[in-house]
Amino acid sequence: MDLTLFVSSLCVLLAILRGNGVEGSIHTYHFEPFKEVGNAFLLSGGSEGIVASHGNSYIKFDNITFWRTKEAADLHSSMEHSTGLIQAIVFEAADRDDIGGSAYGGTRSICCTPDLAKTTGCRQGEVIRHPSALDLNWPVVLPTHFNGNYLSAKLDNQKITISKTGMYNLFFISCDPKLRGLSMSGKTVWKNPNGYLPGRMAPLMTFYVFMSLTYLVLIAIWFFQYMRFWREIMPIQNWITLVIALGLLEMTLWYCEYLNFNHVGVRPVGITTWVVTVGAVRKTVSRLLILSISMGYGVVRPTLGGLTSKVLLLGVTYFFATESLDFAENVGTINDISGKARLFLVLPAAFLNSFLILWIFTSLSRTLEILQAKRSSVKLEIYRKFTNALAVSVIASVAWIGYEVYFKATDPFSERWQSAWIITAFWDILAFLLLCVVCYLWAPSQSSQRYAYSGETVDEDDEEAQSLAKGASEGDIGMVKVDKERSNGGAANPFSLDEEGEEDKRE
């Protein structure tokens, strides 16, 4: 398959499916209200990492219009000049302390007060600005004045060239108490040297190209083996094929979504929602696959029996939780700093992941006991390797979550935005490596059916001897029935579920 043609076709499809767009690096404001913060009225215009370039990186203001209430306008006559001031402030995160000040060590203020005017020389009624130690022209302040009793005032269209790489913030601020109820419309365009993609997200576009290629290599190897031994295919191997295909599709769609975003500067809701949904399906199917393997599906038991409904219910719940979280994180995201509202969506997904891990390892323990009782040494060895791989992935996940918390706690202003992409990339890499382990342990081969469940009793020793002679990648033909009374004699396990024991008895 021609990879270039494949990617191009998907990108064209995404472009066709593009619906109403929400703004990406082109930030659009639809009568956004100012909020009262301290002694100022403030509106955040955006926050993005920008890489410096010779004239190719900039923040551009386009048709920015401020609107005051009729009550505020009626306080002035039509002949008056400068009847209200709004200032646009652009600053790099490292210069954040150059905005605002405090008098005599008191509460920090954004706007200049009479006391601050005496101590710092600032102009009363304006934003306090201290020149940056590296560039006296920064932070940049762009003033806009209302005239007479007009309801609106327009900021001149202009462009600020970025000459230093950093995390840049834009705020619109008014220090005039008479402008309560102020709102704004218009748009700003944030441009990096290579396109509109925000600096934190730009490395991910290259990463998704790499991941698409790795999935393509994996699916090529797997498909070759699958077609070569198609008569010996087990049901579980069909599910593995589906997960690989979903992984390739997801990585390719993410690349196309970022490519479209980088070129046009907007992130359409339709495209991003579709990509997020494919990702949620892939995550759900992957976890159900791991759970089914842990339960011994196709090896210890022919079906999941009475557990099927519970597994499907868990899968549907996990899908909606993951879809909601990914939707909040990606659909309509325009800034490099995430909001706090996502915390309420993280908790359900985290709880479900924890429950899945407990259920998986509880089921694995039960499956290992059955294989030990049946003396299926080859199958037992495969499941032990699988258990070790899962344990390593869980330990790595916990360690990375700890690092992610540390990373975000020590970087509240996203000054390390250039390396933030690694946080997202780690989870895709870990999922791919675990999938590779599953593919290796359950690869299609001429002896695949020896892994499969069989209700017939065979000479275990003869079969094990043949399997061991061919290597650990092959298993025995049949499995011996196990006396479940011995394994069920202890206390009940909440994760084993009654239906699991009943299913084993039926087998």
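Note that this is a predicted model, so its numbers are computed, not measured. (Residues numbered from 1 in each chain as written. Predicted model: local features only at pLDDT ≥ 70, side-chain atom pairs only at ≥ 80, totals over all residues. Heavy atoms only, no water.)

## Focus: the environment of Gly279
- Within the fold, Gly279 resides in helix H6 (residues 269–294).
- A sequence separation of 40 residues divides Gly279 from Phe319, and the C-alpha atoms of the two residues are 9.6 Å apart. (Helix = DSSP H or I, 4+ residues; strand = E, 2+ residues; numbered from the N terminus.)

## Some words on a nonpolar patch on the surface
- On the surface, Phe31, Trp67 and Leu151 cluster together into a nonpolar patch covering about 290 Å² of accessible area.
- If you trace the backbone, Leu151 turns up in the loop between strand S7 (140–146) and strand S8 (152–154). (Patch = residues over 30% accessible without salt bridge, like charges linked within 9 Å, V, L, I, M, F, W, Y side chains within 5 Å. Areas by Shrake-Rupley, 256 points an atom, 1.4 Å probe, with all protein chains shown as cover. Salt bridge = Lys/Arg side-chain N within 4 Å of Asp/Glu carboxyl O.)

## Examining the environment of Phe171
- Its location among the elements puts Phe171 in strand S10 (residues 166–174).
- Judged by its relative accessible area of 21%, Phe171 falls in the partly exposed class.
- Along the backbone, Phe171 and Ala88 are 83 residues apart, and their C-alpha atoms lie at a distance of 5.8 Å.
- Apart from residues lying up to four places away in sequence, Phe171 is in contact with Leu42, Leu43, Ser44, Gly45, Gln87, Ala88, Ile89 and Phe91. (Buried < 20%, exposed > 50% of the residue type's maximum accessible area, 1.4 Å probe, protein only. Contact = heavy atoms within 4.5 Å.)

## Brief notes about the UniProt feature "transmembrane region" (unreviewed entry) in the chain
- Mapped onto this structure's residue numbering, the UniProt feature "transmembrane region" (unreviewed entry) falls at residues 201–224, 236–255, 261–281, 302–321, 341–361, 382–401 and 421–443.
- Annotation note: span residues 261–281, helix share 81%, strand share 14%, distance between end C-alpha atoms 23 Å.
- Helix and strand shares over residues 421–443 are 91% and 0% respectively, and the end C-alpha atoms of the span are 32 Å apart. (UniProt positions renumbered as here; feature names shortened; annotations may be inferred.)

## Re the pairing of strand S6 (residues 84–92)
- By the criterion of burial, S6 is predominantly enclosed, with nine of the nine residues buried.
- Burial along S6 is two-sided: Gly84, Ile86, Ala88, Val90 and Glu92 and Leu85, Gln87, Ile89 and Phe91, pointing in opposite directions, are all buried.
- Pairing of S6 with S7 involves seven bridges; the strand directions are antiparallel. In the sheet register, Ala88 faces S7, and the bridge partner there is Leu142.
- In this sheet, S10 lies alongside S6 in antiparallel orientation, the contact comprising six bridges. Each residue of the ladder has a partner; that of Ala88, found in S10, is Phe172. (Pairing = 2+ DSSP bridges.)

## Side note on helix H10 (residues 421–441)
- The end-to-end C-alpha distance of H10, which contains 21 residues, comes to 31 Å, matching closely the 30 Å that a straight helix rising 1.5 Å per residue would cover.
- Buried residues of H10: Ile423, Ala425, Phe426, Asp428, Leu430, Phe432, Leu434, Leu435, Val438, Cys439 and Leu441, and no others.
- Check the buried side of H10 and you find it contacts helix H4 (202–228), helix H5 (235–264), H6 and helix H9 (377–409). (Expected span 1.5 Å × (residues − 1).)

## Comments concerning unusual backbone geometry
- Here the bond from Trp138 into Pro139 is cis, since omega is -10 degrees, no more than 30 degrees from zero.
- Its place among the elements puts Pro139 in the loop between helix H3 (114–120) and S7.
- In this structure, Asn63 takes a positive phi of about 55 degrees despite not being glycine.
- Structurally, Asn63 can be placed in strand S5 (residues 58–67).

## Points about the side chain of Arg267
- Within the element layout of this structure, Arg267 appears in strand S12 (residues 266–268).
- Within the structure, Arg267 has its side chain in polar contact with the backbone oxygen of Asn330 (distance 3.0 Å). (Polar contact = N/O pair within 3.5 Å; in protein donor to acceptor, adjacent residues only side chain to side chain.)

## Regarding the sheet that holds S6
- Across the sheet, which stays open at both edges, the five strands sit in the order S3-S4-S10-S6-S7 with antiparallel pairing between neighbours. Two strands in the sheet have a free side with no partner beyond their single neighbour: strand S3 (35–37) and S7. When strand polarity is set aside, the average angle formed by the axes of neighbouring strands in this sheet is 30 degrees.
- As judged from the three bridges shared by S3 and strand S4 (residues 40–50), these two strands associate in the antiparallel manner. Within S4, the position partnered with Glu36 by the bridge is Phe41. (Axes fitted to C-alpha atoms, helices over the stretch in contact; angles between N-to-C directions.)

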